[in-house]
Amino acid sequence: CYCDLEKGKDLSLENALYWLRDAAENFVQYVNLSGGETLVYPHLDTVIAECKKLGLESAIAISGARATKERLQKLIEEGVDEIFVSLNGSTEEINSRTRDGYDLAVNAIKLLQEIGFKNRNINWVMHSYNADNFSEMLKLAEKYSVKNLAVLVFKPDSKHQLNSVPTFDQMR
């Protein structure tokens, strides 16, 4: 999630296709592709197309980096079923406490809305810093007709720290 877009190690296409075929043979129905920045994975189109060919529903999680109308449209044409945009706050200030890229994320959501892709979602990681922002996140999701606001907790922030775990009262 919080990666340098120019570094990292990609799963080879051969391994990705192996695991997709194995999943299909074992009656898996849904594949969620995430980790790092999904849009920079060089084989993403092929993997999405293979999911569709194998009858697997596919979802991707993106930060919004490198999201263009053309790129998102291509993934939709390849058959991606759900797109989750990672966003941890309804404002730049709140989002920046745990991750960068507020404008990129909101832009990706807007592009998906413009395209008419109905299965657009937000991944929201709850931290002690943004727990009180939940109602504003719901308003933002409604503004862009987001299908789901997925709430995640106990995930490190962009500095790989768990210093901002929400309290029990915040989670409740």
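Remember, predicted model here, so these are calculated numbers, not experimental data. (Residues numbered from 1 in each chain as written. Predicted model: local features only at pLDDT ≥ 70, side-chain atom pairs only at ≥ 80, totals over all residues. Heavy atoms only, no water.)

## What about the overall build of the protein chain?
And step 1. Looking only at helices and strands, the protein chain has seven helices and five strands in total.
And step 2. For 172 residues, the compact-globule estimate of 2.2 N^0.38 gives 16 Å, and the C-alpha radius of gyration of the protein chain, at 16 Å, lies within 12% of that figure.
And step 3. Projected onto its principal axes, the C-alpha positions of the protein chain cover 45 × 35 × 30 Å.
And step 4. For the protein chain, the proportion of contacts with a sequence separation of at least 24, taken over those separated by at least 6, is 74%.
And step 5. With an accessible surface of roughly 9,600 Å², the protein chain has 50% of that area assigned to carbon and sulfur atoms. (Helix = DSSP H or I, 4+ residues; strand = E, 2+ residues; numbered from the N terminus. Rg over C-alpha atoms; globule rule 2.2 N^0.38 Å. Contact = heavy atoms within 4.5 Å. Areas by Shrake-Rupley, 256 points an atom, 1.4 Å probe, with all protein chains shown as cover.)

## Quick notes on helix α6 (residues 134-143)
And step 1. Listed as buried for α6 are Met137, Leu140 and Ala141. The buried side chains of α6 occupy one side of the element, clustering within an arc of 100 degrees when seen end-on. Along α6, exposed side chains directed more than 90 degrees from the buried face belong to Glu142 and Lys143.
And step 2. Taken together, the buried residues of α6 touch α5 (102-115), β4 (120-125) and β5 (148-152).
And step 3. Once α6 finishes, serine 145 follows within two positions and takes phi at roughly 50 degrees, a positive value. (Buried < 20%, exposed > 50% of the residue type's maximum accessible area, 1.4 Å probe, protein only. Arc of directions from axis to C-beta.)

## Here's the deal with the packing of aromatic side chains
And step 1. Across all of its chains, the model carries two aromatic pairs by this definition.
And step 2. Taking the centre distance of 4.9 Å and the plane angle of 80 degrees together, the rings of tyrosine 18 and tryptophan 19 count as edge-to-face.
And step 3. Between tryptophan 124 and phenylalanine 134, the ring centres sit 5.2 Å apart and the planes meet at 45 degrees, which makes this aromatic pair tilted. Of this pair, tryptophan 124 sits in strand β4 while phenylalanine 134 sits in helix α6, and the two are ten residues apart along the sequence.
And step 4. When its relative accessible area of 32% is taken as the criterion, phenylalanine 134 is described as partly exposed. (Phe/Tyr/Trp six-rings, centres within 6.5 Å; stacked < 30°, edge-to-face > 60°.)

## Here's the deal with the pairing of strand β3 (residues 82-86)
And step 1. Counting buried residues in β3 gives five out of five residues, a clear majority hidden from the surface.
And step 2. The alternating pattern of β3 places Glu82, Phe84 and Ser86 and Ile83 and Val85 on opposite faces, both of which are buried.
And step 3. Across four bridges, the pairing between strand β2 (residues 57-62) and β3 is parallel. Bridge pairing in β3 places alanine 59 opposite glutamate 82.
And step 4. Handedness of the crossover joining β2 and β3 through helix α3 (residues 69-78) is recorded here as right-handed.
And step 5. Two strands pair when backbone bridges link them, and β3 and β4 are joined in this way by four bridges, in the parallel orientation. Across the sheet, phenylalanine 84 pairs through a bridge with asparagine 121, a residue of β4. (Pairing = 2+ DSSP bridges. Right-handed = clockwise from strand over helix to strand, strands pointing away.)

The analysis is restricted to geometry; functional conclusions fall outside its scope.
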